[in-house]
Amino acid sequence: MRVYMKFFSAVYALAVYAFIFLPVAVLVVFSLQSTAFPIPPFTGPSSRWYEAVLNDPRLTSALFNSLAVAIISSLVAVALGFLSAWGFARFTLPGSAVMRGLITLPLTVSYLIIGMGLLVIFNMAGVPKNLLAAGVGHVVINLPLCFAIIYSQMGDHQINIERAARDLGATEAKVLWLVTLPMLWPAIFASLFLSMTFSWDEFVISFLLTRFDTTLPVEIWNLLRSGLNPKTNAVGSLVFAVSVVAAIIFELILLRRRPA
Amino acid sequence: MLVTPALLWTLLFFVAPFVAMALLSLNFQAEGGMTVANYSQFFTNPSYYRAMVNSLQVTGMVTLISVLLAYPFAWILAEQIPPRLQRLALLLAILPFWTSYVVRSYSWLLVLAQNGVVNDALLRTGLVTEPLQLANTRAATIIGFVHFFVMLLTLTIFASLKQLNPSYRKAAADLGAGPIRSFLYVILPLTLPGVVVGAFLTFVLAIGDYITPQILGGNNELLMPQLIMMQIGRRGDFPLASALALILMAVVTIAYIACARWLKIERT
């Protein structure tokens, strides 16, 4: 019975791993294809399609656009999320629960609908489609997340330490800079990292709100129109590599803190 | 005030768009005209109505299959793998999470294409003589979704299995329950709320997604997000698109209320 259980567990787990890794493996392997179609038989390895990606000005500029939108919109989202979390934790505000609910509400709505709503009001207000508009949308989806993460880490314990700092003569600015921010740094870092990941990968909002200058997922989407293409494999593999490296760095930074 | 910027942002870029969409969907005119024509169109035009039925069927299937696949997998990770390897096993299980969403669907297209890897393998082994039509089908959409949500659900179910107090299992064993009875009567009921939350998340994220059905399912049959995008893109019909978006949101809200009520009953 025990042995059978172990055996079936191993087979099942391997089958699920195979299912999970199949598309990624196919993506990466056929990005090294030397001929024009990413389908069997494998004709590589060749770095031809990676060179094609790096020499494509549309893709490289989309990459920089994506980075800029991810970094700036995440900083705005974290700043707004932090200020509001701090405000709610430190002061008793009238209708606090309702306001907190309002700020977290966008978490429950699909990106497609948020993007469409923004498109509607931007149309009405005559705001042109561009990266700034997409950035505004990314703050809308990430602000509730940042708020929720940072707010959940602000307990009474933190408030008492702040109070102690103030009793010891620290100014408000000093309390914020030397006490509150260092205390909350893991939460702030985590929400910044998550926001950047979501913004980096976000498609629908950027698709609806940008026109010529656009982000990488939208540019990849445009590539898809040409059907199966090893160049798409190469971009996809590069994005995957970048994300995995970022995730490892994130793990290491958070892990390094733990033993202390 | 510290909370003002965040509130203003939410009001301006989240609440206001909703109000605008609601007014637009009713063809609201300043002179006082209003009509529910866009909504009645949804209920009378079978192709619109059909998209909602398709969406519900696909999302339901995806949620069910993902839970059934992920639960045993998470259980194996949590119970059968030595603790020091668990973190690594879990990290590996969600590694493909880090491919971009658009690229992930494209990768499945590569796998399922007419001359893709799966058909190639099937033809070589002689299991089929003609390549199967796998891409641009409902099955392809479901596979693409399941791939994503198995990873998500494995993570959430693993977490709820790990949170279980090991003394429950010991108590069950002391009272004479074998491993199967202990699982059915103790572990499964205790992890069920976590599963329901994960399943709800799957439902909400899948029903609102445009990318996967558009890339993998093609245009043979439309799901709600595809129908909405079609109104915006090809037809520029914002009032109808707004009405459809609000109907979709209403469905999600109903699912949310059902889920919240179930969890409440479960807790008391």
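Note that this is a predicted model, so its numbers are computed, not measured. (Residues numbered from 1 in each chain as written. Chains lettered and ligands numbered in written order. Predicted model: local features only at pLDDT ≥ 70, side-chain atom pairs only at ≥ 80, totals over all residues. Heavy atoms only, no water.)

## Description of the overall build of chain B
Scanning chain B from N- to C-terminus turns up twelve helices and zero strands. Counting from the amino terminus, helix and strand elements in chain B follow one another as α-α-α-α-α-α-α-α-α-α-α-α. Overall, chain B is about 75 × 60 × 40 Å in size when its C-alpha atoms are taken along their principal axes. Within the span of chain B, comprising 268 residues, buried residues form 48% of the whole. When contacts within chain B are restricted to residue pairs at least 6 apart in sequence, long-range pairs at least 24 apart make up 70% of them. About 13000 Å² of surface is accessible on chain B, with carbon and sulfur atoms providing 68% of the total. Here chain B contributes 15 positive and 9 negative side-chain charges, whose respective centroids are spaced 10 Å apart. (Helix = DSSP H or I, 4+ residues; strand = E, 2+ residues; numbered from the N terminus. Buried < 20%, exposed > 50% of the residue type's maximum accessible area, 1.4 Å probe, protein only. Contact = heavy atoms within 4.5 Å. Areas by Shrake-Rupley, 256 points an atom, 1.4 Å probe, with all protein chains shown as cover. Lys, Arg positive; Asp, Glu negative; His and termini not counted. Charge placed at Lys NZ, Arg CZ, Asp CG, Glu CD.)

## Let's talk about a nonpolar patch on the surface
A cluster of nonpolar side chains, contributed by Phe 64, Leu 67, Ile 71, Ile 72 and Leu 75 of chain A, occupies part of the molecular surface with about 480 Å² of accessible area. As for its placement among the helices and strands, Leu 67 of chain A is situated in helix 3 (residues 57-90). (Patch = residues over 30% accessible without salt bridge, like charges linked within 9 Å, V, L, I, M, F, W, Y side chains within 5 Å. Salt bridge = Lys/Arg side-chain N within 4 Å of Asp/Glu carboxyl O.)

## Notes on the packing of aromatic side chains
All told, the structure shown has 23 aromatic pairs over all chains when counted by the stated rule. Their ring planes at 20° and their centres at 5.3 Å tell us that Phe 147 of chain A and Tyr 151 of chain A sit as a pair that is stacked. One end of the pair, Phe 147 of chain A, and the other, Tyr 151 of chain A, are both in helix 6 (residues 131-152), four residues apart, so they sit about a helical turn from each other. You can call Phe 147 of chain A buried: its relative accessible area is 2%. Tyr 151 of chain A sits in the partly exposed class, given a relative accessible area of 25%. One aromatic cluster is present, built from ring pairs that chain together Phe 97, Tyr 101, Phe 145, Phe 148 and Phe 149 of chain B. Positioned above the aromatic ring of Tyr 101 of chain B is the side chain of Arg 104 of chain B, whose terminal nitrogen or guanidinium carbon lies 5.2 Å from the ring centre. (Phe/Tyr/Trp six-rings, centres within 6.5 Å; stacked < 30°, edge-to-face > 60°. Lys NZ or Arg CZ within 6 Å of the ring centre and 35° of its normal.)

## So, the side chain of Lys 231 of chain A
Residue and element names in this part refer to chain A. Along the chain, the position of Lys 231 falls in helix 11 (residues 230-257). Given the relative accessible area of 16%, Lys 231 is considered buried. If we skip the residues at most four places from it in the chain, Lys 231 touches Trp 49, Ala 52, Val 53, Asp 56 and Leu 59.

## Examining the pattern of salt bridges
Between side chains of opposite charge, a pair can form as their charged atoms come close. Residues and elements named next belong to chain A. One pass over the full model with this rule turns up five salt bridges over all chains. Glu 219 is the partner of Arg 58 in a salt bridge, and the nearest nitrogen-oxygen pair spans 2.9 Å. With Arg 58 in helix 3 and Glu 219 in helix 10 (residues 216-224), this pair connects stretches of sequence that are 161 residues apart. Arg 58 sits in the exposed class, given a relative accessible area of 51%.

## Quick notes on the confidence of the model for chain A
Caution applies to low-pLDDT regions: their predicted coordinates should not be interpreted in detail. Of all residues in chain A, 97% have pLDDT values of 70 or greater, and the mean over the chain is 84. Across chain A, element-level confidence peaks in helix 9 (residues 204-209) of chain A with a mean pLDDT of 91 and bottoms out in helix 2 (residues 48-54) of chain A with 78. (pLDDT = per-residue confidence, 0-100.)

## Comments concerning the environment of Ala 77 of chain A
Residue and element names in this part refer to chain A. By the secondary structure assignment, Ala 77 is in helix 3. Judged by relative accessible area, Ala 77 falls into the buried class, the value being 0%. Separated by 69 residues in sequence, Ala 77 and Cys 146 have C-alpha atoms that sit 6.7 Å apart. The contacts of Ala 77, once residues within four sequence positions are left out, are Val 139, Asn 142, Leu 143 and Cys 146.

## A few points about the domain arrangement of chain A
Under the domain assignment used here, chain A contains domain 1 (1-26) and domain 2 (58-257). For domain 1 of chain A versus domain 2 of chain A, the separation of C-alpha centres amounts to 36 Å. (Domains from an automatic or database assignment.)

## Some details on the nonpolar core
The biggest cluster of nonpolar side chains holds 126 residues, and the ones touching the most others in it are Ile 228 and Ile 232 of chain B. Both domains that meet at this core, namely domain 1 (1-26) and domain 2 (58-257) of chain A, each give it at least three residues. Apart from residues lying up to four places away in sequence, Ile 232 of chain B is in contact with Met 116, Leu 119 and Leu 208 of chain A together with Phe 238 and Ala 241 of chain B. Formed by 23 residues, the second largest nonpolar core is a distinct cluster that contains Phe 88, Cys 146, Ala 187 and Ile 188 of chain A. (Core = buried A, V, L, I, M, F, W, Y, C linked by side-chain atoms within 4.5 Å.)

## Examining the interface of chain B and chain A
Taken together, the contacts link 74 residues of chain B with 76 residues of chain A. Carbon and sulfur atoms make up 84% of the surface buried where chain B meets chain A, a total of about 6500 Å² over both sides. When the area that chain B buries against chain A is broken down by residue, the three leading residues are Leu 2, Trp 98 and Tyr 106 of chain B, summing to 12%. Taken together, the links from chain B to chain A amount to zero salt bridges. (Buried area = accessible area lost by both parts, 1.4 Å probe.)

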